[in-house]
Amino acid sequence: MITGLIALLLCQLVGELVVRTLDLPLPGPILGMVLMLALLLVRRPRSRSGLVRGPQALLRYLPLLYVPAGVGVIAHLSRLGEDAVPIAGGLVVSWLAGLVVTAAVTAGVLRVSGARKVVR
Amino acid sequence: MTFQPQEAWDWLLASPLFGITLTLVAYKTARVVWERTGRHPSLNPVMVAIVLTGGTLLLLGVDYDDYMEGGRYIAILLGPATVALALPLYYERRLVRQAAVPILLGLVVGSAVSIVVAYTVTSGLGGDEALALSMAPKSATTPVSIALAESFDGIPALTAVFTILAGVLGAVTGPAVLSLLRVRDLRVRGLAIGASSHGIGTSRALEEHPTEGAFSGLAMGLNALATAILLPLLLLVLR
């Protein structure tokens with residue numbers, strides 16, 4: 001478990017340092033995710049290994065970790081009210097466009113390439 | 001000994017203990033409500049916990065900055081938790097490798113459309129330039145969207161809010177919208193949610209299905225990169 005947490009922190013740490021050193025347009029944790037994936041691919045841990053249990057423990061609480069940032073919305077309620085129409089319209093329409101286009105293009109190319117669907 | 005409840009109360013509101021306890025109680029309450037209603041999507045725990053926490057702060061007249069004295073101890077775990085998204089991706093590595101080309105194409109096109117539509121619709125509905133520029137990067141995960149708003153004349157604080165709202169929107173309605181459109185492939189569902197609603201959407205996708213969650217986490221990472229590269233190019237045309 002601690003092994004897994006150390007691995008996560010070290011991957012993030014290296015990610016943050018590399019991103020800052022090379023001035024990459026990426027968050028450190030995203031590069032850290034790539035490093036962690038590489039580590040998992042090399043180590044091929046069993047399901048009881050700390051390398052598996054550490055990430056699992058954090059992922060169980062992933063929704064909780066977004067709450068403090070989300071609460072930040074209350075600091076901007078008045079601005080949201082002033083420009084309610086462009087904000088609500090721009091947000092909902094572009095969110096929907098991103099969702100639908102990503103799904104349509106990916107599904108379309110998958111179909112052309114003849115891959116089988118993965119359904120539950 | 002004097003009786004000084006006001007001093008004690010003021011101390012509490014400025015102490016990390018307050019923000020941490022409030023957040024955990026709000027989240028626990030939101031989870032219980034969610035479970036009791038048969039995991040009803042419109043009562044998504046992240047959204048309910050944000051509303052409960054934010055509502056409490058407004059009611060007590062506590063500033064967001066004071067709340068974050070405690071809130072940041074929870075938020076700091078987001079870094080390693082994002083790294084942890086490598087685990088579901090590792091388990092789905094074969095599926096990811098098989099679908100590499102469709103994934104990349106879908107993400108690049110989806111990311112570009114999302115930026116263009118965000119900018120044009122926001123300004124088309126009467127938003128000023130700064131507002132449209134704050135909306136443009138909102139489908140990327142917060143560190144990226146905020147950095148892009150800073151570099152390209154948006155308002156970073158507003159971009160943070162829009163990013164979170166896009167995430168909550170996806171966590172609450174994303175799976176239902178995809179089902180309505182008869183998108184059943186778990187890879188496609190995950191990619192679409194992660195590309196439009198980053199980590200908050202991913203936290204929902206993980207609860208839907210491990211494969212959907214893995215592809216959502218992947219899409220969040222790739223979309224952050226795509227947005228960072230595409231936004232500067234698209235703004236040359238849009239502005």
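Before reading on, note that the structure itself is shown above.
Cut-offs and rules
- Residues numbered from 1 in each chain as written.
- Chains lettered and ligands numbered in written order.
- Predicted model: local features only at pLDDT ≥ 70, side-chain atom pairs only at ≥ 80, totals over all residues.
- Heavy atoms only, no water.
- Helix = DSSP H or I, 4+ residues; strand = E, 2+ residues; numbered from the N terminus.
- Rg over C-alpha atoms; globule rule 2.2 N^0.38 Å.
- Phe/Tyr/Trp six-rings, centres within 6.5 Å; stacked < 30°, edge-to-face > 60°.
- Buried < 20%, exposed > 50% of the residue type's maximum accessible area, 1.4 Å probe, protein only.
- Axes fitted to C-alpha atoms, helices over the stretch in contact; angles between N-to-C directions.
- Parallel < 35°, antiparallel > 145°, perpendicular 65-115°, else oblique.
- Left-handed = near helix turned anticlockwise from the far one by under 90°.
- Nonpolar A, V, L, I, M, F, W, Y, C, P; charged D, E, K, R; others polar.
- Core = buried A, V, L, I, M, F, W, Y, C linked by side-chain atoms within 4.5 Å.
- Contact = heavy atoms within 4.5 Å.
- Patch = residues over 30% accessible without salt bridge, like charges linked within 9 Å, V, L, I, M, F, W, Y side chains within 5 Å.
- Areas by Shrake-Rupley, 256 points an atom, 1.4 Å probe, with all protein chains shown as cover.
- Salt bridge = Lys/Arg side-chain N within 4 Å of Asp/Glu carboxyl O.
- 1 Å grid on protein atoms, 1.4 Å probe; cavity = no way out; pocket = protein on both sides within 12 Å on 5 of 7 lines; lining within 4 Å.
- Points joined across faces, edges and corners; volume = space filled by probe spheres on them.
- Buried area = accessible area lost by both parts, 1.4 Å probe.
- Polar contact = N/O pair within 3.5 Å; in protein donor to acceptor, adjacent residues only side chain to side chain.

Which residues make up the overall build of chain B, and what values go with them?
Scanning chain B for helices and strands turns up 13 helices and zero strands. In chain B, the succession of helices and strands from N to C terminus is α-α-α-α-α-α-α-α-α-α-α-α-α. Computed over its C-alpha atoms, the radius of gyration of chain B comes to 20 Å, within 12% of the 18 Å expected for a compact globule of 239 residues. Its C-alpha atoms give chain B principal-axis dimensions of roughly 70 × 40 × 30 Å.

Give me the packing of aromatic side chains: which residues, what numbers.
All names here are of chain B. By the definition in use, this model includes two aromatic pairs over all chains. Measuring from centroid to centroid gives 6.0 Å for Tyr64 and Tyr67, while their planes differ by 35°, and the two rings are tilted. Taken together, the residues Tyr64 and Tyr67, both in helix α4 (residues 64–75) and three residues apart, mark about one turn of the helix. Pair check on accessibility: Tyr64 and Tyr67 agree, each one buried.

How would you summarise the packing of helix α7 (residues 84–112) of chain A against helix α8 (residues 100–124) of chain B if you had to cite specific residues and measurements?
Remark: α7 of chain A packs on α8 of chain B, axes separated minimally by 8 Å, with the N-to-C direction vectors making an angle of 160°. Considering their axes alone, α7 of chain A and α8 of chain B lie roughly antiparallel with respect to each other. By crossing handedness, the relation of α7 of chain A to α8 of chain B is classed as right-handed. Of the residues belonging to the contact of α7 of chain A with α8 of chain B, the class tally is 16 nonpolar, ten polar and no charged.

I'd love a proper account of the nonpolar core, names of residues and values included.
In this structure, Met36 of chain A together with Leu57, Tyr67, Ile103 and Phe162 of chain B are the most contacted members of the largest nonpolar core, which totals 101 residues. Residue contributions to this core peak at eleven residues, all from helix α13 (residues 210–238) of chain B. Dropping the residues within four chain positions of it, Phe162 of chain B is found in contact with Leu80, Ile87 and Leu91 of chain A together with Leu131, Ser134, Met135 and Lys138 of chain B.

With reference to specific residues and values, describe a nonpolar patch on the surface.
Residue and element names in this part refer to chain A. Residues Ile2, Ile6, Leu10, Leu13, Val14, Leu17 and Leu35 make up a contiguous nonpolar surface patch of roughly 620 Å² in combined accessible area. A total of six residues in the nonpolar patch trace back to one element, the largest contributor, which is helix α1 (residues 2–22). In this structure, Ile2 sits in helix α1.

Quick one: what's the story with the pattern of salt bridges, residue by residue and with numbers?
If you walk through the whole model with that rule in mind, you get twelve salt bridges over all chains. A salt bridge links Glu208 of chain B to Arg189 of chain B, with the shortest nitrogen-to-oxygen separation between them at 3.9 Å. Under the relative-accessibility criterion, Glu208 of chain B is labelled partly exposed at 22%. On the basis of relative accessible area, Arg189 of chain B is assigned to the buried category, the value being 6%. For Glu212 of chain B, the salt bridge is made with Arg189 of chain B, and the minimal N-O distance between the two is 3.2 Å. Of the two residues, Glu212 of chain B is situated in helix α13 and Arg189 of chain B in helix α12 (residues 186–208); the sequence distance between them amounts to 23 residues. The exposure class of Glu212 of chain B is buried, given its relative accessible area of 0%. Overlapping salt bridges bring together Arg120 of chain A together with Arg189, Arg204, Glu208 and Glu212 of chain B as one network.

Hey, could you go over empty space enclosed by the protein for me, with residue numbers and the actual values?
Counted by the stated rule, this structure contains one cavity of 30 Å³ or more. There is about 60 Å³ of room inside the largest cavity. If you go around the largest cavity, the residues you meet are Pro63 of chain A together with Trp34, Asn44, Pro45, Val46, Ala171, Ile200, Ser203, Arg204 and Glu207 of chain B. Tallying contributions element by element places α12 of chain B first for the lining of the largest cavity, with four residues.

A description of the interface of chain B and chain A should follow, citing residues and the corresponding values.
Contact residues are listed per partner, giving 99 residues for chain B and 69 residues for chain A. Interface area, chain B with chain A, both sides summed: about 7,300 Å², of which 82% is carbon and sulfur. Put simply, chain B and chain A have one salt bridge between them. Put simply, Glu208 of chain B and Arg120 of chain A hold a salt bridge, and the shortest N to O gap is 3.9 Å. Taken together, the links from chain B to chain A amount to seven residue pairs in polar contact (both at pLDDT 80 or more). For the side of chain B that touches chain A, the residue count by class is 66 nonpolar, 23 polar and ten charged.

Report on the environment of Leu235 of chain B, specifying residues and quantitative values.
All names here are of chain B. Secondary-structure assignment places Leu235 in helix α13. A relative accessible area of 4% places Leu235 in the buried class. In sequence terms Leu235 and Leu105 are 130 residues apart; their C-alpha atoms lie 21 Å from each other. With residues near it in sequence (within four places) discarded, Leu235 still touches Tyr119, Leu133 and Phe152.

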